[in-house]
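The lines below spell out each chain.
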2 protein chains.
Amino acid sequence: MLELGVLGLLKEKPMHGYELKQRLAEQLGPFGRFSYGSLYPTLKRLAKDGAVETDLPKTEASRRKNVYRITPAGESLFDALLEESGPSVTEERNAFMLRLAFFRYMKPETRTRLMESRRGYLQGRLQKMAASLKNVKEKMDAYSVELMRYGVNEAEHDIRWLDDMLETERRNGNGTNSNAAAPTPEGAR
Amino acid sequence: MLELGVLGLLKEKPMHGYELKQRLAEQLGPFGRFSYGSLYPTLKRLAKDGAVETDLPKTEASRRKNVYRITPAGESLFDALLEESGPSVTEERNAFMLRLAFFRYMKPETRTRLMESRRGYLQGRLQKMAASLKNVKEKMDAYSVELMRYGVNEAEHDIRWLDDMLETERRNGNGTNSNAAAPTPEGAR
DNA sequence: GAGCGATATATCGGTCCGATATATCGGTCC
DNA sequence: GGACCGATATATCGGACCGATATATCGCTC
């Protein structure tokens, strides 16, 4: 998860850990809550594996700013992480949302497949939760009922939301097309 | 987190690990996704600490059903975990939602304080996200914009939702009152 | 009584969090 | 100039939790 986020941000420009943390928080909001306790070790691991590199070499980094940039190997790793989406990406909102932040780098058919598979998952969950809510409503306290209602509402909302995005995708010409839907990749007006 | 969930469920009736996992999933839906890899160790730890106990003693549990029940020490631990709510309970939805499942066991003033403190947190986050969205909307790709929009909408929705619950709380006579809002604790019709 | 899917427990490696410690930078106040 | 301080920046440790894997048992059908 964090690896993907770090590499995705480093694709835009080289950064140091502190800045990465800030950008993750501000771009992903509640979905990118990572701690330094995982961020810095992750950067070290990525460096060791050759996915990112830094100017000042291993000697005596002390505690000065340490700017990392992504390597070609890192780009490949990013692509691999982005394309292979296990069940957790479909079933966990945070994982899905992190992917969404990098949808522009994803092959349109992967994008569509992912949205549809999450939609399917949510549909199934909605089914179960709605049934369960109906069954046990009478024997449960009001707070627990409220909790389940929240879950049902969210599932319904997210399904509509995904449908809108899928519709937009189609309108922009993605049965299995190339990159659309990004207004101007670098037109940083 | 898991400790609280386990103890909370065991308050209703003794259960074994497998059943606990099922009930967590069905009662908490997407907010109670715990794995066996943490559940079983947690049960062992709680047993070692005297918070739960089981019939068949330590000798040769092999792999037969292992029913745990909560002890008085466990009840105290539950109360302590429920009342002390650090920043993560305010800032992380899952942690807050898990608490919600046990709101009926909470002192009304703790309940109110918790809802208000989450409301405050969401309000602050909404502020930041809305500003950030306005600022960077033009330079970002459509998917990232959609991600931020989702975050803003959710915050707004959750604030309204909390306001409704706080209003209900007040209507049911909780400035600082005792237990209301639970229709019939055991009227398992 | 063999076969099998659901029930049930255990464990390992690895990711991530939360707390804590430490260093550096850029002011500003005297 | 140097003492102080808040923001910037990195590092590390213990523990919670996940995901994968292994294993045992139960109840059913054939």
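Residues numbered from 1 in each chain as written. Chains lettered and ligands numbered in written order. Predicted model: local features only at pLDDT ≥ 70, side-chain atom pairs only at ≥ 80, totals over all residues.

### Some words on the overall build of chain A
Basically, it comes down to this: For the purposes of this entry, the term helix denotes a DSSP run of H or I that reaches at least four residues, the term strand denotes a run of E that reaches at least two, and both are numbered from the N terminus. With C-beta atoms placed from the backbone, a residue counts as buried when 20 or more other C-beta atoms lie within 10 Å of its own, as exposed when 12 or fewer do, and as partly exposed for counts between those limits. By definition, residues are in contact whenever their C-beta atoms, placed on the basis of the backbone, come within 7 Å of each other.
Each helix and strand in chain A was counted, giving eight helices and two strands. Reading chain A from its N terminus to its C terminus gives the helix and strand order α-α-α-β-β-α-α-α-α-α. A total of 189 residues make up chain A; the buried ones form 26% of that total. Across chain A, contacts joining residues at least 24 apart in sequence account for 59% of those joining residues at least 6 apart.

### Topic: the relation of the copies chain A and chain B
This is how it is decided: The least-squares superposition of copies is restricted to C-alpha atoms, and to residues with a pLDDT of at least 70 in both copies.
Superposing chain A onto chain B requires a rotation of 180° together with a translation of 0.0 Å along the rotation axis, leaving an RMSD of 0.0 Å. In short, the pair behaves as if placed about a two-fold rotation axis. Among all residues of chain A, the one whose C-alpha sits closest to the rotation axis is Glu154(A), at a distance of 4.7 Å. A shared interface surface links the copies, since 100% of the contact residues of chain A are contact residues in chain B too.

### Section: the protein's contact with DNA strand C
Applied cut-off: Any residue whose backbone-placed C-beta atom lies within 6 Å of a molecule or strand is treated as near that molecule or strand. Residue polarity follows a fixed list, in which Ala, Val, Leu, Ile, Met, Phe, Trp, Tyr, Cys and Pro are nonpolar, Asp, Glu, Lys and Arg are charged, and the others, Gly among them, are polar.
Taken together, 26 residues surround DNA strand C, and among them Met1(A), Gly37(A), Ser38(A), Gly17(B) and Asn66(B) come closest. Breaking the surface near DNA strand C down by element, the ones donating at least two residues are α3 (36-48) of chain A together with α2 (17-28) and α3 (36-48) of chain B. Partitioning the surface near DNA strand C into residue classes produces nine nonpolar, 11 polar and six charged.

### Structural notes on the interface of chain A and chain B
Taken together, the contact pairs 27 residues of chain A with 27 residues of chain B. Every element with two or more residues in the side of chain A that touches chain B is listed here: α2 (17-28), α6 (93-101), α7 (108-136) and α8 (142-171) of chain A. Top contributing element to the side of chain A that touches chain B by residue count: α8(A), with eight residues.

### Side note on the packing of α2(A) against α3(A)
Residues and elements named next belong to chain A. For clarity, the threshold we go by: A fitted line through C-alpha atoms serves as each axis, taken over the contacting stretch for helices, and the angle formed by two N-to-C directions is quoted from 0 to 180°. Angle categories: roughly parallel below 35 degrees, roughly antiparallel above 145, roughly perpendicular from 65 to 115, and oblique for all the rest. Two helices cross in a left-handed way if the nearer one is turned anticlockwise from the farther one by less than a right angle. They cross in a right-handed way if the turn is clockwise.
It is at 10 Å that the axes of α2 and α3 come closest, and there the two elements cross at 125°. If you check the angle between α2 and α3, you find them oblique. For the element pair α2 and α3, the recorded crossing hand is right-handed. Facing α2, whose interface residues are Gly17, Leu20 and Lys21, α3 presents Tyr36, Leu39, Tyr40 and Leu43. Of the residues contributing to the contact of α2 with α3, the split by class is five nonpolar, one polar and one charged.

### Here we look at the protein's contact with DNA strand D
Contacts to DNA strand D come from 26 residues, most closely from His16(A), Gly17(A), Asn66(A), Met1(B) and Gly37(B). In terms of residue class, the surface near DNA strand D is made up of nine nonpolar, 11 polar and six charged.

### As for the packing of helix α1 (residues 2-10) of chain B against α2(B)
Residues and elements named next belong to chain B. Their axes nearest at 10 Å, the elements α1 and α2 cross at an angle of 100°. Between α1 and α2, the angle is such that the two are roughly perpendicular. Two secondary-structure elements touch here, α1 through Gly5, Val6 and Leu9 and α2 through Leu20, Arg23 and Leu24. Within the contact of α1 with α2, the residues separate by chemical class into four nonpolar, one polar and one charged.

### Brief notes about α6(A)
Residues spaced three or four apart along an α-helix face the same direction, because each turn holds 3.6 residues. Within α6(A) the residues assigned to the buried category are Phe96(A), Leu98(A), Arg99(A), Leu100(A) and Ala101(A). On the buried face of α6(A), the contacting elements are α1 (2-10), α2, α5 (87-91) and α7 of chain A together with α8 (142-171) of chain B.

### Side note on the environment of Val152(A)
Residues and elements named next belong to chain A. Among the secondary structure elements, valine 152 is positioned in helix α8. Residue class for valine 152 comes out partly exposed when judged on the 17 C-beta atoms lying within 10 Å of it. Sequence separation between valine 152 and glycine 5 is 147 residues; the distance between their C-alpha atoms is 29 Å. Here valine 152 is in contact with Leu126, Met129, Ala130 and Leu133, once residues within four sequence places are set aside.

### Remarks on the environment of Gly151(B)
Mapped onto the elements of the fold, Gly151(B) is located in helix α8. Between the C-alpha atom of Gly151(B) and that of Ala130(B), which follows or precedes it by 21 residues, the distance is 9.1 Å. Ignoring sequence-local partners within four residues, the contact set of Gly151(B) consists of Gly29(A), Pro30(A) and Met129(B).

### As for the confidence of the model for chain A
All names here are of chain A. The cut-off we apply is this: A residue's pLDDT is simply how confident the predictor is in it, with values from 0 to 100.
The predicted model of chain A averages 89 in pLDDT, with 88% of residues at 70 or higher. No element of chain A has a lower mean pLDDT than α5, which averages 92, and none a higher one than α1, which averages 97. Note that residues 176-189 has pLDDT below 50 and, in this model, 21 contacts with residues that lie over four places away or in other chains.

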